[in-house]
Amino acid sequence: MTTTPECLACGSRDLGLWARAHDIEYYSCADEFSYFKCKTCGALSIAPVPEDRLSQIYPASYYSFSGHTKTLAERVKQALDRRLFRKLFSMIDPDHGKASFSALDIGGGSGWLLGEAKAVEPRLQKTVVVDIDDKAEAAAIAAGHGYFRGRIEDFSTRDTFDLILMLNLIEHVKDPVGMLKKAGDLLTPGGRILIKTPNHDALDARLFRNRSWGGYHCPRHWVLFDPESFRQAAQKAGIEIESLNLTQGAPFWTWSALNMLKNLGLVEISAARPACRHPLAPFLMLGFAAFDFLRMPFMKTSQMFIVLKHK
Ligand SMILES: [Zn+2]
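None of the values given here were measured: they were computed from a predicted structure. (Residues numbered from 1 in each chain as written. Predicted model: local features only at pLDDT ≥ 70, side-chain atom pairs only at ≥ 80, totals over all residues.)

**Concerning the overall build of the chain**
Line of reasoning, step 1. For the chain, the count of helices and strands is nine helices and 11 strands.
Line of reasoning, step 2. Compactness check: the chain gives a C-alpha radius of gyration of 19 Å against a globular reference of 19 Å for 311 residues, within 12% of the reference.
Line of reasoning, step 3. Viewed in the frame of its principal axes, the chain has a C-alpha envelope of about 55 × 45 × 40 Å.
Line of reasoning, step 4. Residue pairs in contact within the chain that sit at least 24 positions apart in sequence constitute 74% of those at least 6 positions apart. (Helix = DSSP H or I, 4+ residues; strand = E, 2+ residues; numbered from the N terminus. Rg over C-alpha atoms; globule rule 2.2 N^0.38 Å. Contact = placed C-beta atoms within 7 Å.)

What follows is the structure, encoded as structure tokens:
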């Protein structure tokens, strides 16, 4: 099948083949996908875009929101999330004068992250989740969040939000600039959008470029940015980047390493036993997180935290 790939970030057709990859985590399908690098903006785009195969590429085992006990890695992450939320609320309300906050988590599942935000900011009263996952809905409502089941493109409201979370989301969509614009429309004056997305300009991305790098999350990540290509996308969407920081990419290292071990015949990963369920995964995750934290001051890591606001 021949496809004329297009850069999902900027629409350019001036692309070069970057890598071929397959699903190394869930084995949801056996197909090989191509990633193309845009010569105009530098983003990577998947081809073909498997937009008509969502129920296949997001298997039932993909969603795991229900109250499982937290692993050590998750507890470390929780402490980091709370520190970040404290900082964000003080950016939105530097004078500490607001009576209440509202927050929206796009792709937020059961709303557990909004729960973390509430834990650090009691003035956060209105919380809403937009997600396509019907299984997360009851848990989100039970936790006191509003829930819109559907795509953000179809979510319409008169409300605006002080804080909009889009974590590990924008790389999953076909129109990232459209999604940024929509988030900008839903943001209160003075509000902030927090985005977490992979950075393809990193050591692990280079080492595993042709070995189905975990950051491709193939075929579920459709567009992968680096800081420069993200800056261009934000510019197109008409919103301003307040800060862009690199953070540890332990999950991408971990899926890449498990795939390498699988290819050496040392571990078994399959549809029945996805990478995230492998008993080695939490240990690799901690080890790689530590490695990335150590090298972070002088090397680029493979996840970006980006704070955006109105121009
Ligand atoms: Zn582009």
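**What to know about the nonpolar core**
Line of reasoning, step 1. Among the nonpolar cores identified, the biggest contains 80 residues, and Ala9, Ala43, Ala103, Ile164 and Met166 are the most heavily contacted of them.
Line of reasoning, step 2. In terms of residues, this core owes the most to one element, helix 8 (residues 250-263), which gives six residues.
Line of reasoning, step 3. In contact with methionine 166, other than residues within four places in its own chain, are Ile106, Gly107, Ala183, Ile193 and Ile195. (Core = buried A, V, L, I, M, F, W, Y, C linked by C-beta atoms within 7 Å. Buried ≥ 20, exposed ≤ 12 C-beta atoms within 10 Å, placed from the backbone.)

**A short note on the sheet that holds strand 11 (residues 303-310)**
Line of reasoning, step 1. Strand order in this open sheet of seven strands is 6-5-4-7-8-11-10, and the pairing throughout is mixed. Where the open sheet ends on each side, the last strands, each with one partner, are strand 6 (146-149) and strand 10 (239-247). Between one strand and the next, the sheet's axes are offset by a mean angle of 15°, whatever the strand orientation.
Line of reasoning, step 2. Relative to strand 11, strand 8 (residues 187-198) runs antiparallel, the two sharing six bridges. Each bridged residue has a counterpart across the sheet, and for threonine 197 the counterpart in strand 11 is methionine 304.
Line of reasoning, step 3. Taken strand by strand, helix 5 (residues 176-185) contacts strand 7 (161-167), strand 8, strand 10 and strand 11, and its axis lies near 150° from that of strand 8. (Pairing = 2+ DSSP bridges. Axes fitted to C-alpha atoms, helices over the stretch in contact; angles between N-to-C directions.)

**Looking at unusual backbone geometry**
Line of reasoning, step 1. Omega for the peptide link from alanine 47 to proline 48 comes to -10°, which places this bond in the cis form.
Line of reasoning, step 2. Examined against the element boundaries, proline 48 turns out to sit in the loop between strand 3 (44-47) and helix 1 (54-57).
Line of reasoning, step 3. In this structure, proline 219 follows cysteine 218 across a cis peptide bond, with omega equal to 0°.
Line of reasoning, step 4. Summarising the element assignment, proline 219 is placed in the loop between helix 6 (203-207) and strand 9 (223-224).
Line of reasoning, step 5. With phi around 50°, asparagine 168 is a residue other than glycine that occupies positive phi space.
Line of reasoning, step 6. The phi torsion at histidine 217 lies on the positive side, around 45°, for a residue other than glycine.
Line of reasoning, step 7. Take histidine 217: it is sitting in the loop between helix 6 and strand 9.

**Here's the deal with the pairing of strand 3**
Line of reasoning, step 1. Of the pairings in the sheet, the one linking strand 2 (residues 33-38) to strand 3 comprises four bridges and is antiparallel in character. Of the residues in strand 3, the one forming a bridge with serine 34 is alanine 47.
Line of reasoning, step 2. Remark: five residues form the turn of the hairpin made by strand 2 and strand 3, two consecutive strands paired antiparallel; glycine 42 in that turn has positive phi of roughly 95°.
Line of reasoning, step 3. When strand 3 meets strand 9, the two strands line up antiparallel, connected through two bridges. Its bridge partner lying in strand 9, leucine 44 is registered against leucine 224.

**Things to note about the pairing of strand 5 (residues 124-131)**
Line of reasoning, step 1. For strand 5, the tally of buried residues reaches six of eight residues, placing the bulk of the element in the interior.
Line of reasoning, step 2. Pairing of strand 4 (residues 101-106) with strand 5 involves six bridges; the strand directions are parallel. Of the residues in strand 5, the one forming a bridge with isoleucine 106 is valine 130.
Line of reasoning, step 3. Running through helix 3 (residues 112-120), the crossover from strand 4 to the neighbouring parallel element strand 5 is right-handed. (Right-handed = clockwise from strand over helix to strand, strands pointing away.)

**Details of helix 8**
Line of reasoning, step 1. Relative to the 20 Å expected for 14 residues at 1.5 Å per residue, helix 8 spans 20 Å between its end C-alpha atoms, a close match to the ideal helical length.
Line of reasoning, step 2. Summarising burial for helix 8: 10 of the 14 residues are buried, a large majority.
Line of reasoning, step 3. Residues of helix 8 that are buried include every one of Ala250, Pro251, Phe252, Trp253, Thr254, Trp255, Ser256, Ala257, Leu258 and Asn259, and no others.
Line of reasoning, step 4. On its buried side, helix 8 packs onto strand 8, helix 6 and helix 9 (281-295).
Line of reasoning, step 5. Directly beyond the C-terminal end of helix 8, a positive phi value near 80° is found at glycine 265. (Expected span 1.5 Å × (residues − 1).)

**Focus: the environment of alanine 119**
Line of reasoning, step 1. Secondary-structure assignment places alanine 119 in helix 3.
Line of reasoning, step 2. Distance in space between the C-alpha atoms of alanine 119 and phenylalanine 85 is 9.5 Å, their sequence separation being 34 residues.

**Here's the deal with the environment of valine 223**
Line of reasoning, step 1. Mapping valine 223 onto the fold places it in strand 9.
Line of reasoning, step 2. Judged by the 27 C-beta atoms lying within 10 Å of it, valine 223 is buried.
Line of reasoning, step 3. Spatially, the C-alpha atom of valine 223 lies 31 Å from that of lysine 126, the residues being 97 residues apart in sequence.

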